[in-house]
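Examining the three-dimensional arrangement
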Amino acid sequence: MRLYAVVAAGGFRRYATYRVATAAGVFTNTVFGFIVAYTYMALWGARPGLGGYDQSQALTYVWLGQALLMTCAMMGGGFEDELVERIRTGDIAVDLYRPADLQLWWLAGDLGRAAFHLLGRGIVPLLVGALAFDLALPASPATWLAFLLAVALGVVVSFAFRFLVALSAFWLLDGAGVLQICWLATMFFSGMLLPLNVFPGALGEVARALPWSSLLQVPADVFLGRHTGWDLAGAYAFQAGWALALLAAGRALQTAATRRVVVQGG
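Anyway, here's the lowdown on the structure attached to this text. (Residues numbered from 1 in each chain as written. Predicted model: local features only at pLDDT ≥ 70, side-chain atom pairs only at ≥ 80, totals over all residues. Heavy atoms only, no water.)

**A few points about the nonpolar core**
In terms of nonpolar packing, the biggest core is built from 66 residues, with Met74, Leu83 and Phe163 touching the most fellow members. Residue contributions to this core peak at 15 residues, all from helix α7 (residues 141-167). For leucine 83, the residues in contact, after removing those within four places along its chain, are Ile92, Trp106, Phe163, Ala166 and Leu167. (Core = buried A, V, L, I, M, F, W, Y, C linked by side-chain atoms within 4.5 Å. Buried < 20%, exposed > 50% of the residue type's maximum accessible area, 1.4 Å probe, protein only. Helix = DSSP H or I, 4+ residues; strand = E, 2+ residues; numbered from the N terminus. Contact = heavy atoms within 4.5 Å.)

Structure follows, in structure tokens:
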């Protein structure tokens, strides 16, 4: 486990190196936060209580989305492009023969990346939003801790899905198209565009049952105090269940890919 802790720390330092890019990202997240916030104000002004949120909660949701956009890699920007390129060039064969688990290696690095983005690109936009608007911030430290756990589970779900998508490059000529579809689905079904609670009827039920809701909708509802007690445990179980299922699928695909490399190499 020490090896993967070092990999995670390396992932954190890697992204911390790009200070200008981080500053630009903070600025971008903040500007888009204001644009979306005023859009939500108009929408909730016309439809008070939409999705079960009052206007303060809806604005809080906006700024949480900006804080978690890069943390959960909802628009990409994680390891997947590099992994797809290593598969395309054949360099992945070296990784598979190393005395380290491929999935755990990339997971550790992605956790380091997510930790940096939460601190480096997440806190400032949320603080700016709290200064500019009346946000529904939790008063209890326990709620903040519960939120951070939900975010951590969301990051693992995000990684597991992106790992699966990246490994598809073993069987495709190019993984770029699949990655783009993945990002579009993530933006829509995570609740980044609109809270999933706003989605009507069967669409809302399906959207909330899909793994992408673990990235933003579930952590945001934990932050807003909509999950407490056994309901909070159920939210964690939902995220953990998807994480385990997707990680297991990734493990199976990794095994199949390893056999493919061994056969072709032999």
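**As for the environment of leucine 104**
Turning to its location among the elements, leucine 104 is positioned in helix α6 (residues 102-132). As for leucine 104 and methionine 1, which are separated by 103 residues in sequence, their C-alpha atoms are 9.6 Å apart. What leucine 104 contacts, discounting residues up to four positions off in sequence, is Tyr4 and Arg251.

**Focus: the packing of aromatic side chains**
Tallied over the entire structure, the rule returns 17 aromatic pairs. Relative to tryptophan 63, the ring of phenylalanine 34 lies with its centre 5.3 Å away and its plane at 85°, an arrangement referred to as edge-to-face. One end of the pair, phenylalanine 34, is in helix α2 (residues 19-46); the other, tryptophan 63, is in helix α3 (residues 55-68), with 29 residues separating them in the sequence. The exposure class of tryptophan 63 is buried, given its relative accessible area of 0%. Aromatic side chains phenylalanine 34 and phenylalanine 133 sit 5.7 Å apart centroid to centroid with 45° between the ring planes, which places their arrangement in the tilted category. Placement of the pair is phenylalanine 34 in helix α2 and phenylalanine 133 in the loop between α6 and α7, with a sequence separation of 99 residues. Among the residues examined, phenylalanine 34 registers a relative accessible area of 25% and is labelled partly exposed. The exposure class of phenylalanine 133 is buried, given its relative accessible area of 11%. One aromatic cluster is present, built from ring pairs that chain together Phe161, Phe188, Phe189, Phe199 and Trp212. (Phe/Tyr/Trp six-rings, centres within 6.5 Å; stacked < 30°, edge-to-face > 60°.)

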